[in-house]
Structures are given as structure tokens and as C-alpha cells.
Amino acid sequence: MKPIVALVGRPNVGKSTLFNRITKKRDALVDNTPGVTRDRHYGDAAYDGREFILVDTGGFTDIDTEGFASAILEQIGAAVQEADIIVLVLDGKSGVSPFDRDVVRFLRPLQKPLIFAVNKIDGPETEARLHDFYILGADTLFPLSAEHGYGVHDFMDRLVSELDRILISPESETPEAPIKLAVMGRPNVGKSSLVNRLLGEHRLLVSDTPGTTRDAVDTLLRIDDKAFLFIDTAGIRRKSKTDAKLEKFSVIKALKSLDRCHVALVLLDAEEGVTDQDVRIAGYAHERGRAVLWIFNKFDRVQKETGSSKRLIMRLRAESGFLGFAPVLTVSAKTGFRVKRILPMVEEIHRQYTFRIGTGTVNQIFQEAVLKKEPPFHRGKRIRFYYATQVSTKPPTFVAFVNFPEAVHFSYRRYLINRIRDRARLDKTLIRLLFRKRQGKTRRGSV
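Small disclaimer: the values here were computed from a predicted structure and weren't measured.

Reading guide: rules and limits
Residues numbered from 1 in each chain as written. Predicted model: local features only at pLDDT ≥ 70, side-chain atom pairs only at ≥ 80, totals over all residues. Heavy atoms only, no water. Pairing = 2+ DSSP bridges. Helix = DSSP H or I, 4+ residues; strand = E, 2+ residues; numbered from the N terminus. Axes fitted to C-alpha atoms, helices over the stretch in contact; angles between N-to-C directions. Contact = heavy atoms within 4.5 Å. Phe/Tyr/Trp six-rings, centres within 6.5 Å; stacked < 30°, edge-to-face > 60°. Buried < 20%, exposed > 50% of the residue type's maximum accessible area, 1.4 Å probe, protein only. Parallel < 35°, antiparallel > 145°, perpendicular 65-115°, else oblique. Left-handed = near helix turned anticlockwise from the far one by under 90°. Salt bridge = Lys/Arg side-chain N within 4 Å of Asp/Glu carboxyl O.

1. Focus: the sheet that holds strand β15 (residues 385-392)
The strands that make up a sheet pair up through hydrogen bonds in the backbone, lying either parallel or antiparallel.
Moving on, step 1. Reading across from one edge, β15-β16-β17 is the order of the three strands in this open sheet, with mixed pairing throughout. Strand pairing shows two members of the sheet lacking a second neighbour, β15 and β17 (432-437), which therefore form its edges. Pairs of neighbouring strands in the sheet enclose a mean axial angle of 25 degrees, with direction left out of account.
Moving on, step 2. Lying over the sheet, helix α11 (residues 410-424) contacts β15, β16 (397-402) and β17, oriented at roughly 125 degrees with respect to β17.

Given below as C-alpha cells:
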């Protein structure tokens, strides 16, 4: 396993900015509002040939203005317990705070390597601000500017020297790449609760307050030889209800998380039923070519009536015809009802999502389809299919070469896709079918 480095400190000292600079990405939210980062946030990082996992944590504070301070402290405690190295980020502009002393008292008993990084020091002329921080008992302070890059290299050299002292046992074999899951849905449908239930630990904050999760948090779960990477995302509201700058930023990041996933778990509230926004969120995943698993959460609250599950699914199918292939599960993250069905279903969806069919089989499928239902005429000539092949996976994508590609009606395209589904048993994944005009002569006959 890679060593883990945790960034801790009070709110608004620049932990997320430093996280982004070290990981060379913009995965952590950055805003002047204290308390933006509430959950632990993981990212891969490398420096001078050393690879490690960087963890961004919520701000250490006793001020509980939104009811999250105790939960954030729990998250920080979990992060530092699993960390190999701890970086205490301090604010060089505002100086030493009583909270800084509290953090040091909290960290000292852990007896883990502790690096003091004084942020917001933009150059040599401001390094005089460091003197006040020696009261915290640090032997060495590293002045830096996470925003502008000043002093970061010296800080990273020290971090690497600490990494070199950590003995990492090599793994006997390279683990299988994880199945990446984006957990999507409207605010307060239970996304974090579901991930927590699947993980079996409180990795993500859970609250009845809509909008608790503001960032996208990566969490790895390994079961036997299978690995799943969860991306818990901020709830997506309608555009008219995302006026706050920070919330709009969270929505953008939630949508970007779809670009990293294989399967989108789209959560719905079983009590509220299907809403236009639920379908819209799934549409975002569909547009990006992601597999989709519908999950009705809070099913324990639905009145136990015969056929209640069937009615929910029928309504969903009626509202989202373009996702007729996507499986549907009814679960309760709170009680654990049917939650165990999720990961096996994800594995099957992912198997189909990454499935590849041999070219000979593809052409046989098309040949049988054309013989069973001939394509229509175009300008007095029959549309002819010459050759077909699968060009990619994630999702399975096929190209068919025809004489009039623009004339193939969407209904016939749908017919061909359904034939592929039936023959290849790909009933739970998006399938793309493209038509291209044959260039020049080909030795292959028409299918």
C-alpha cells in the first residue's frame, strides 16, 4: 500500500489549496468560506519518484455553527489514525491561534511524524511571521505559499525524506483495477448513508441537512479480489435553486465525477417517488456514456403494500424510457434492507459495460438481424450493411458501414441494438451504434 499523508489544521488555513498543488489537480473545493471541506478527501500524489496518498480533512474547530464540528473532529481523528505522516497547516497571515495549540495537543500523543507547514508566506520578506509559531514546539517550520508555490519544494523535500523512512511492504501482486462508482442524486436522498452502509464504517458525514456533502470524496472498498472506488458527490439541485457560488461549484464537480466513473448509482427517494430532477441526473450519466443503476433508497418508509415496488419501477420506466436497460433496486441504507444486492449488480453491469464481442460474431448478429427484418429503401435503393465491428468498450460501441448512413432511421438503429442485446446478453448496459459510409471498395460482402 502507498503511504498516507494527512493534512490537518483549523478552517481556512489553505489545506485544500495545498492538497490541489501537491496532487496537481483541482479535486478539493477551494473557497474563502471556513469549513468548506467537511469529509476526508483522498488523492494520489507523487514527488521525486515517491508515490503516496494525500488526505485533505475538515477544519479543526470547536465552533459548531452548523452542527458539524463534532462529526468533523471524528473524521479528522479517523484520518490521522490511518495516516503515516501528518502535516499541520498553519496560517502565516493570521498568526498563532488557540485552535493551533489544541491541534498540536491532539496530535502529539499519536507519535507519528509531524511536519509544520506555515502557509500564506509569499516570499522571504514575510518569513519573519514564522517566529510566533515556534511556541507550538516545532523544531522546524516550513514557510510556503500553497497558492503561489513559494517554499513548496523545500517542504516536499522534507516530506519525501519522511516517506523514505517508512517501510512499505510490497504487495505480492498488482490488485485488479477498481470499478469506479459515482453516487449521484438530489440532496438528502441518502447518498452518504448508503456509502457508509456499504463500507461498514462512517467514512462520510451523514446529516438530515440537505447539502452536507459539498465535495466529491473517493473511498476505496475491497472485498476479496474485487475493488470498488466510490465517489460520493454533492446533491444536484435544479439550476434555479443553485444560486450560491459554492453550491454551483459542487454541482459542476459532481458532474465532472461522472467523467471518472464506470457506473453511476442514481439514488431516488422512495417516499417522494420519481422527480424530473432524478431523470435529469440520470440523463447526465447517459450523455457521458456511463452505465446506470437506479436505487430507490428509504424503501423502509414506504407503506408496505402489495406491488409498491412494482409501481415505483413502472413509474420510473415511464419517466425514463431512454434508460430502459438500467436495472432498478429498492433498498434502505438505514436498515440495510437489500443493500447487499448492490455490489453484485454493479459487478454484472460493469462486466457488460466492458464486454467485447469478436468481429465475426458481430457480423453474424447483423446478418441475422437484416435477414429477419430488411432495412428500408432510400431514394429507390435498399440500405445495405456491408460490415460491422465493435470499436470500443465502456460502453460497448459498434460501427456499421452502410451505403446510406444518414438514412438509417432511429427505429431501425434501436432494432439492431436490441438484437445485439439479445444475442450478446447485454441487457444492463448502454450500447452505442454508429453508422459510417463505406470508403471505396471492400472485399467483404454485405452482412
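Having seen the structure, we can now continue with the description.
2. Here's the deal with the packing of aromatic side chains
Moving on, step 1. Taken as a whole and assessed by the stated rule, the structure comprises seven aromatic pairs.
Moving on, step 2. A ring pair is formed by Phe142 and Phe155, whose centres lie 6.5 Å apart and whose planes are at 70 degrees; its orientation type is edge-to-face. Residue Phe142 is located in strand β6 (residues 141-143), and its partner Phe155 is located in helix α4 (residues 152-164); the two are separated by 13 residues in the primary sequence. Across the pair, exposure class does not vary: Phe142 and Phe155 are buried alike.
Moving on, step 3. Between Phe385 and Phe435, the ring centres sit 6.0 Å apart and the planes meet at 70 degrees, which makes this aromatic pair edge-to-face. Remark: Phe435 occurs in strand β17 and Phe385 occurs in strand β15; sequence separation between them is 50 residues.
Moving on, step 4. A residue is classified by how much of its surface remains accessible, and Phe385, at 4% relative accessible area, is buried.
Moving on, step 5. According to the relative accessible area criterion, Phe435 is buried, its value standing at 9%.
Moving on, step 6. Here the aromatic cluster, defined as three or more aromatic residues joined through ring pairs, consists of Phe366, Phe385, Tyr412, Tyr415 and Phe435.

3. Looking at the packing of helix α10 (residues 359-372) against α11
Axis angle and axis distance: for two packed helices, these are the angle between their axes and the distance between the axes, and together they describe the pair.
Moving on, step 1. Between α10 and α11, whose axes approach to 10 Å, the crossing angle comes to 125 degrees. When the axes of α10 and α11 are compared, the pair comes out oblique. In the crossing of α10 with α11, the sense of the turn from one axis to the other is right-handed. Side by side, α10 and α11 meet where Gln364, Ile365, Phe366, Glu368, Ala369, Val370 and Lys372 of the first sit next to Tyr412, Tyr415, Leu416, Arg419, Ile420 and Arg423 of the second.

4. Regarding the environment of Val87
Moving on, step 1. With respect to the helices and strands, Val87 occurs in strand β4 (residues 85-91).
Moving on, step 2. Between the alpha carbons of Val87 and Lys15 there is a distance of 9.5 Å; along the sequence they are 72 residues apart.
Moving on, step 3. When sequence neighbours within four positions are dropped, the list of residues in contact with Val87 reads Val5, Ala6, Leu7, Val8, Ile115, Ala117 and Phe155.

5. Regarding the environment of Asp48
Moving on, step 1. Inspection of the secondary structure puts Asp48 in the loop between β2 (41-47) and β3 (50-56).
Moving on, step 2. Taking the relative accessible area as the measure of exposure, Asp48 reaches 56% and is therefore exposed.
Moving on, step 3. Distance from Asp48 to Met156, taken between C-alpha atoms, is 8.9 Å for residues 108 residues apart in sequence.

6. Describing the pattern of salt bridges
Any two side chains of opposite charge can pair, given that their charged atoms come close.
Moving on, step 1. Per the stated rule, a full pass over the model turns up 16 salt bridges.
Moving on, step 2. Between Lys120 and Asp91 there is a salt bridge; the shortest N-O distance is 2.9 Å. In this pair, Lys120 sits in the loop between β5 (114-119) and β6 while Asp91 sits in strand β4, placing the two residues 29 residues apart along the sequence.
Moving on, step 3. Between Arg105 and Asp102 there is a salt bridge whose closest N-O contact spans 2.4 Å. Of this pair, Arg105 and Asp102 both sit in helix α3 (residues 98-107), three residues apart, which is roughly one turn of that helix.
Moving on, step 4. Look at Asp102 and you get partly exposed, because its relative accessible area is 22%.
Moving on, step 5. Residues participating in the shared-partner salt-bridge network are Asp48, Arg50 and Asp164.

7. Considering unusual backbone geometry
Moving on, step 1. In the segment running from Lys394 into Pro395, the intervening peptide bond is cis, with an omega of 0 degrees.
Moving on, step 2. In this structure, Pro395 sits in the loop between β15 and β16.
Moving on, step 3. Unusually for a residue other than glycine, Gln111 sits at a positive phi of about 55 degrees.
Moving on, step 4. Following the sequence through the fold, Gln111 ends up in the loop between α3 and β5.

8. Focus: the pairing of β4
Moving on, step 1. Burial analysis of β4 places seven of its seven residues in the buried class, the great majority of the element.
Moving on, step 2. Burial of the side chains of β4 extends over both faces: Ile85, Val87, Val89 and Asp91 are buried on one face and Ile86, Leu88 and Leu90 on the other.
Moving on, step 3. Judged from the four bridges that link them, strand β1 (residues 4-8) and β4 form a sheet pairing that is parallel. Across the sheet, the residue bridging to Val8 is Leu88, located in β4.
Moving on, step 4. Sheet topology note: the β4/β5 ladder contains six bridges and is parallel.

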